[in-house]
Amino acid sequence: MMRRRLVGLGLLVVLATACGPDPNDALSAVASSNVQAAVSSSSGTCTPVAGYTAPITDKGLASADGPEMAVSAGDFFFQPTCIAADGAGTLTLKVTNTGAILHNVTIADQGIDIDVAVGETVEVPITLTTDAPLIYVCKFHRTSGMVGAVLPPTP
Ligand SMILES: [Cu+2]
């Protein structure tokens, strides 16, 4: 059940902002995968395509600098919502709960289910392939839009 839902989440549309590290580099990698990519001049978004009905709270797209990627878990979002990785393989998500309630990082396919207490930071080891985005959720607030993605590196 959960696995099927996560596969559905893999279909993201990524819209890039014009500022910050060149997001078009990341988007070219996205376009070559099973993710549908689009570029917009509006603020960065990371929203689902048709077929995925739960919301994703969009807090933008950022480019990673190295194998460690910092993410804030707020009420109820991950920020940045999408991160373009600069390498594949074993990476680390450093997730800090900047909100007022308990959050979580779950990647069912990788056996990850880690709670993040208020004010705490957890290091989550993830495995990223070069051909598909890695979707993670807060298991408590997934249906409130608490979904994030690590995008494959540009080839
Ligand atoms: Cu949460």
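Above this note sits the structure.
Below is a short write-up of the structure. (Residues numbered from 1 in each chain as written. Predicted model: local features only at pLDDT ≥ 70, side-chain atom pairs only at ≥ 80, totals over all residues. Heavy atoms only, no water.)

### What about the side chain of Asn104?
Inference 1: With respect to the helices, strands and loops of the structure, Asn104 is situated in strand S9 (residues 103-107).
Inference 2: Only 3.3 Å separates the side chain of Asn104 from the backbone oxygen of Ile114, close enough to count as a polar contact.
Inference 3: At 2.8 Å, the side chain of Asn104 and the side chain of Asp115 are in polar contact.
Inference 4: Residues within four places of Asn104 in sequence aside, it is in contact with Phe78, Asp113, Ile114, Asp115, Val116, Val137, Cys138, Lys139 and Phe140. (Helix = DSSP H or I, 4+ residues; strand = E, 2+ residues; numbered from the N terminus. Polar contact = N/O pair within 3.5 Å; in protein donor to acceptor, adjacent residues only side chain to side chain. Contact = heavy atoms within 4.5 Å.)

### Digging into the coordination of the copper ion
Inference 1: Those protein atoms acting as donors to the copper ion are His103 (ND1), Cys138 (SG), His141 (ND1) and Met146 (SD), and they sit at 2.0 to 2.6 Å.
Inference 2: Because the angles between the four donor atoms bound to the copper ion fall within 90 to 140°, the donor set is best described as irregular.
Inference 3: Mapping the donors of the copper ion onto the primary sequence gives the spacing H-x34-C-x2-H-x4-M. Per residue, the accessibility class of Cys138 equals that of Met146, and both read buried. (Donors = N, O, S within 2.8 Å, 3.2 Å for Na, K, Ca; no water. Tetrahedral: all angles 85-135°; square planar, octahedral: opposite > 155°, others 65-115°. Buried < 20%, exposed > 50% of the residue type's maximum accessible area, 1.4 Å probe, protein only.)

### Looking at the sheet that holds strand S5 (residues 68-74)
Inference 1: Sheet architecture is open: four strands sit in the order S6-S5-S8-S11, paired in mixed fashion. Strand pairing shows two members of the sheet lacking a second neighbour, strand S6 (77-79) and strand S11 (121-128), which therefore form its edges. If you compare each strand with its neighbour and ignore which way they point, the axes differ by 30° on average.
Inference 2: Both S5 and S6 contribute to a ladder of three bridges, which runs antiparallel. (Pairing = 2+ DSSP bridges. Axes fitted to C-alpha atoms, helices over the stretch in contact; angles between N-to-C directions.)

### As for the environment of Thr57
Inference 1: Checked against the element boundaries, Thr57 lands in the loop between strand S3 (45-48) and strand S4 (61-63).
Inference 2: For Thr57, a relative accessible area of 24% translates into the label partly exposed.
Inference 3: If we ignore the near neighbours within four places in the chain, the residues touching Thr57 are Phe76, Phe77, Thr81, Ser144 and Gly145.
Inference 4: A distance of 3.4 Å separates a polar atom in the side chain of Thr57 from the backbone oxygen of Ser144.

### Concerning the pattern of salt bridges
Pairing is possible between side chains that carry opposite charge, provided their charged atoms lie close to one another.
Inference 1: All told, the structure shown has three salt bridges when counted by the stated rule.
Inference 2: A salt bridge links Asp113 to Lys139; the shortest N-O distance between them is 3.1 Å. Here Asp113 is found in strand S10 (residues 112-116), whereas its partner Lys139 is found in the loop between strand S12 (134-137) and strand S13 (147-151), with 26 residues between them in sequence.
Inference 3: Under the relative-accessibility criterion, Asp113 is labelled partly exposed at 44%.
Inference 4: Here Lys139 falls in the partly exposed class, since its relative accessible area comes to 40%.
Inference 5: What you see here is one network of salt bridges that share partners, running through Glu68, Lys94 and Glu123. (Salt bridge = Lys/Arg side-chain N within 4 Å of Asp/Glu carboxyl O.)

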